[in-house]
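Residue-level listing of the chains:
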Amino acid sequence: MMKTDVQSYLREKFAEHAGLPEDQLFGDDVTLATVIARSPRMTNSIDLMEAFARTANALRKEYGARVRLPAMPLDTPTTTVLRVFQEEFDRQREAVA
């Protein structure tokens with residue numbers, strides 16, 4: 001499985017859980033606070049954490065990797081979150097290999 005496949009999957013699932021198209025989630029200047037403000041499904045950081053948990057759960061079901069994200073401030077760019085998701089996924093895959 002290629003890294004881009006997992007990133008595409010993560011982007012798709014997070015967009016689905018946020019209720020927003022990917023281009024509104026993963027631009028250069030999009031932060032977690034921006035996602036909460038734009039998303040019709042989120043009103044606060046708890047909703048954001050639930051979207052990440054659902055995304056991680058989908059990743060576990062699809063790829064068998066249990067990914068846990070560290071706490072991140074709301075000014076964190078979504079591209080950084082995507083990178084951390086990927087790094088944690090890679091770390092989990094290496095642990096079971």
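Shown above is the structure to which this text applies.
Owing to the predicted nature of the structure, the values given are computational and were not obtained by experimental measurement. (Residues numbered from 1 in each chain as written. Predicted model: local features only at pLDDT ≥ 70, side-chain atom pairs only at ≥ 80, totals over all residues. Heavy atoms only, no water.)

J.: Can you help me understand the side chain of glutamate 88 in this one?
T.: By the secondary structure assignment, glutamate 88 is in helix H4 (residues 78-96). Of note is the side chain of glutamate 88, whose polar atom sits 2.7 Å from the side chain of arginine 91. Ignoring sequence-local partners within four residues, the contact set of glutamate 88 consists of Val67 and Arg68. (Helix = DSSP H or I, 4+ residues; strand = E, 2+ residues; numbered from the N terminus. Polar contact = N/O pair within 3.5 Å; in protein donor to acceptor, adjacent residues only side chain to side chain. Contact = heavy atoms within 4.5 Å.)

J.: Teacher, can you tell me more about the packing of aromatic side chains here?
T.: To describe a pair of aromatic rings, you give the distance between the ring centres and the angle between the ring planes. Evaluation of the coordinates by the stated rule reveals five aromatic pairs. With a centroid separation of 4.9 Å and 15° between ring planes, the pair formed by phenylalanine 14 and phenylalanine 52 is classed as stacked. Remark: phenylalanine 52 occurs in helix H3 (residues 45-63) and phenylalanine 14 occurs in helix H1 (residues 3-18); sequence separation between them is 38 residues. For the residue pair phenylalanine 14 and phenylalanine 52, the accessibility class agrees, reading buried in each case. When the ring of phenylalanine 52 is compared with that of phenylalanine 85, the centres are 6.2 Å apart and the planes differ by 65°; the resulting orientation is edge-to-face. Highlighted residues: phenylalanine 52 in helix H3 and phenylalanine 85 in helix H4, separated in sequence by 33 residues. With a relative accessible area of 14%, phenylalanine 52 lands in the buried category. An aromatic cluster of three or more residues is present, and its members are Phe14, Phe26, Phe52 and Phe85. (Phe/Tyr/Trp six-rings, centres within 6.5 Å; stacked < 30°, edge-to-face > 60°. Buried < 20%, exposed > 50% of the residue type's maximum accessible area, 1.4 Å probe, protein only.)

J.: Got a minute to help me understand the environment of alanine 33 in this structure?
T.: Its place among the elements puts alanine 33 in helix H2 (residues 32-38). Residues alanine 33 and serine 45, twelve residues apart in the sequence, show an inter-C-alpha distance of 8.2 Å.

J.: Explain the pattern of salt bridges here, please?
T.: What the rule picks out here adds up to four salt bridges. Across the pair arginine 83 and glutamate 87 runs a salt bridge, and its minimum N-O distance is 3.3 Å. In this pair, arginine 83 and glutamate 87 both sit in helix H4, four residues apart, roughly one turn of the helix. The partly exposed category is assigned to arginine 83, whose relative accessible area is 45%. For glutamate 87, a relative accessible area of 35% corresponds to the partly exposed category. The residue glutamate 88 makes a salt bridge to arginine 91 at a minimum N-O spacing of 2.7 Å. Of this pair, glutamate 88 and arginine 91 are both found in helix H4, three residues apart, which corresponds to roughly one turn of the helix. (Salt bridge = Lys/Arg side-chain N within 4 Å of Asp/Glu carboxyl O.)

J.: Would you mind going over the nonpolar core with me for this structure?
T.: Generally speaking, nonpolar side chains in soluble globular proteins are found buried as a group. Phe14, Leu25, Val35, Met42, Leu48, Leu59 and Phe85 are the most contacted members of the largest nonpolar core, which totals 27 residues. The element that contributes the greatest number of residues to this core is H3, accounting for seven residues. Ignoring any residue separated from it by four or fewer positions in sequence, one finds methionine 42 in contact with Phe14, Ala18, Val35, Ile36, Asp47, Leu48 and Ala51. (Core = buried A, V, L, I, M, F, W, Y, C linked by side-chain atoms within 4.5 Å.)

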